[in-house]
Amino acid sequence: AMNDGLRLDDLVIGYGTPLRDPLSARVEHGCILGVLGPSGCGKSTLLATIAGVIPALGGEVLLDGRAITDARIDERRIGLVFQEPLLFDHLSVVDNVAYGLRRQRLPRAQARERATALLDWIGLEGYGHRSIETLSGGQAQRVALARAIAPGPRALLLDEHFSALDAPLRRRLALETRERIESLGIPAIHVTHDPDEAALLCSEILSW
């Protein structure tokens, strides 16, 4: 249906003053829209606006036909993965992934069970008990992705989250992430300044 997925209608982003022209775009379920542009062009601000971290200056954000432009962050149910994994050092790998589920009041045992299944799914079987500092960069990014997916988001936003990794690993994780998002069947937006990464990961590319 026309209303399915994530839609931006004449969205105006910025901090008090518009950063750029209004943006309109549509992302269907299981698809990844790549927003490609140089550093400082407002890509992260776009994601923060969609997620509700900063208010839109105009236009609408719609998710499955419902306007969420003024909805609270937690009401939007949008997962966000940053350039830095931003994992919690004091929690084990499994408890990092289970974090969002615990915030949804899921009992600890159930949250850990779901988190463990997600760790298997991202290829980190048996890593649950480990501490965050034992992970490589690529593993940490996978855990960050699993943590964003765990609470069952209705859309996913990826902010240059492979840029700190070397090229072969970036390529592998981009392909893996694309597969996961397709199998989850949720709309996603990935911002990057790297055209090769956008081509690998995204079903459609918007140049900024």
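Rules used in this analysis
- Each chain has its residues counted from 1, running along the sequence as written.
- Predicted model: local features are reported for residues with pLDDT of at least 70 only, side-chain atom pairs are reported and counted for 80 or more only, and whole-chain, interface and lining totals are derived from all residues.
- Excluded from the side-chain calculation are hydrogens and water; included are all heavy atoms of the structure.
- Numbering of helices and strands starts at the N terminus; helices are DSSP runs of H or I of at least 4 residues and strands are runs of E of at least 2.
- Our radius of gyration looks at C-alpha atoms and nothing else; its globule reference is 2.2 Å times the residue count to the power 0.38.
- We call two residues in contact whenever any of their non-hydrogen atoms come within 4.5 Å of each other.
- Here the accessible surface of atoms and residues is derived via Shrake-Rupley with a 1.4 Å probe, and residues count as covered only by protein chains that are part of the display.
- A residue counts as positive if it is Lys or Arg and as negative if it is Asp or Glu; His and the chain ends are not included.
- Charged side chains are reduced to one point each, which is NZ for Lys, CZ for Arg, CG for Asp and CD for Glu.
- Should DSSP find at least two bridges between two strands, the strands are taken to pair.
- To obtain each axis, a line is fitted to C-alpha atoms, and for helices this fit is confined to the stretch in contact; angles are then taken between N-to-C directions over 0 to 180 degrees.
- Burial classes follow relative accessibility: with a 1.4 Å probe on protein chains only, a residue under 20% of its type's maximum area counts as buried, one over 50% as exposed, and anything between as partly exposed.
- Salt bridges are defined as contacts in which a side-chain nitrogen from Lys or Arg sits within 4 Å of a carboxyl oxygen from Asp or Glu.
- Only protein atoms enter the 1 Å grid used here, on which a cavity is any set of points holding a 1.4 Å probe that cannot leave and a pocket is any open set flanked by protein within 12 Å on both sides along at least five of seven lines; residues with an atom within 4 Å of a point are listed as lining.
- Grid points are joined across faces, edges and corners, and a volume is the space filled by probe spheres set on the points.
- Just so you know the grouping, Ala, Val, Leu, Ile, Met, Phe, Trp, Tyr, Cys and Pro go in nonpolar, Asp, Glu, Lys and Arg go in charged, and all remaining residues, Gly too, go in polar.
- Oblique is the label for every angle not falling under 35 degrees (roughly parallel), over 145 degrees (roughly antiparallel), or within 65 to 115 degrees (roughly perpendicular).
- Two helices that cross are described as forming a left-handed crossing if the nearer one is turned anticlockwise from the farther one by less than a right angle, and a right-handed crossing if clockwise.
- Only the six-membered ring of Trp is used, alongside the rings of Phe and Tyr, when aromatic pairs are assigned; centres must lie within 6.5 Å, and planes under 30 degrees apart are stacked while those over 60 apart are edge-to-face, with the rest tilted.
- Working rule: Lys NZ or Arg CZ, within 6 Å of ring centre, within 35 degrees of ring normal, means a charge sits over the ring.

K.L.:
An account of the overall build of the protein is requested, with residue identities and associated values reported.
P.N.:
Per the secondary structure count, the protein includes seven helices and 11 strands. Computed over C-alpha atoms, the radius of gyration of the protein comes to 17 Å, within 12% of the 17 Å expected from 2.2 N^0.38 for 208 residues, which places it in the range of a compact globule. Across the protein, every contact between residues at least 6 apart in sequence was considered, and the portion connecting residues at least 24 apart equals 72%. By element, 50% of the accessible surface of the protein is carried by carbon and sulfur atoms, the whole surface being about 10000 Å². With 23 positive and 27 negative side-chain charges, the protein shows a separation of 5 Å between the mean positions of the two kinds.

K.L.:
How would you summarise the sheet that holds strand 10 (residues 188-192) if you had to cite specific residues and measurements?
P.N.:
Read across the open sheet, the five strands follow the order 8-9-10-5-11; overall the sheet is parallel. This sheet does not close on itself; its edge strands, each paired only once, are strand 8 (78-81) and strand 11 (204-207). For this sheet the average axis-to-axis angle between neighbouring strands, irrespective of direction, equals 20°. Taken together, the five bridges between strand 5 (residues 32-36) and strand 10 define a ladder with parallel strand orientation. For Val35, the partnering residue across the bridge sits in strand 10 and is Val191. Its contacts with the sheet place helix 1 (residues 43-51) against strand 5, strand 8, strand 9 (155-159) and strand 10, and it is angled at close to 155° to strand 9.

K.L.:
With reference to specific residues and values, describe the pairing of strand 4 (residues 23-27).
P.N.:
Of the two faces of strand 4, only one is covered, namely that formed by Leu23, Ala25 and Val27; the face formed by Ser24 and Arg26 stays uncovered. Two strands pair when backbone bridges link them, and strand 1 (residues 6-12) and strand 4 are joined in this way by four bridges, in the antiparallel orientation. Bridged to Leu11 within strand 4 is Leu23.

K.L.:
An account of the pattern of salt bridges is requested, with residue identities and associated values reported.
P.N.:
By the definition in use, this model includes 13 salt bridges. Salt-bridge contacts for Glu160 lead to Lys43; the nearest nitrogen and oxygen are separated by 3.5 Å. In this pair, Glu160 sits in the loop between strand 9 and helix 6 (167-184) while Lys43 sits in helix 1, placing the two residues 117 residues apart along the sequence. A residue is classified by how much of its surface remains accessible, and Glu160, at 8% relative accessible area, is buried. We note a salt bridge from Arg180 to Glu176, for which the minimum N-O separation is 3.9 Å. Here Arg180 and its partner Glu176 are both found in helix 6, four residues apart, which amounts to about one turn of the helix.

K.L.:
Can you tell me about empty space enclosed by the protein, naming the residues and giving the values?
P.N.:
Considering all chains together, one arrives at one cavity of 30 Å³ or more under this definition. The space that makes up the largest cavity amounts to roughly 30 Å³. Looking at the largest cavity, the residues that line it are Ile122, Arg142, Leu145, Leu173, Glu176, Thr177 and Arg180. Elements represented by at least two residues in the lining of the largest cavity include exactly helix 5 (137-149) and helix 6. No other element matches the four residues that helix 6 contributes to the lining of the largest cavity. A per-class count over the lining of the largest cavity returns three nonpolar, one polar and three charged.

K.L.:
Residue-level account of the packing of helix 3 (residues 93-103) against helix 5, with values.
P.N.:
Relative to each other, helix 3 and helix 5 sit at 30°, their axes nearing to 6 Å. Considered as vectors, helix 3 and helix 5 are oriented roughly parallel to each other. The handedness of the crossing between helix 3 and helix 5 is right-handed. Between helix 3 and helix 5, the contacting residues are Val93, Asn96 and Val97 on the first element and Val143, Ala146 and Arg147 on the second.

K.L.:
Give a detailed account of the packing of aromatic side chains, specifying residues and quantitative values.
P.N.:
Per the counting criterion, the structure on display carries one aromatic pair. With centroids separated by 4.6 Å and ring planes inclined at 50°, the aromatic side chains of Phe88 and Tyr99 adopt a geometry described as tilted. One end of the pair, Phe88, is in the loop between strand 8 and helix 3; the other, Tyr99, is in helix 3, with 11 residues separating them in the sequence. On the accessibility criterion, Tyr99 (33% relative accessible area) is partly exposed. If you follow Arg130 out to its NZ or CZ, it ends over the ring of Tyr127, 4.1 Å from the centre. Geometry around Phe88 places Arg147 over its ring, the cationic atom sitting 5.0 Å from the centre.

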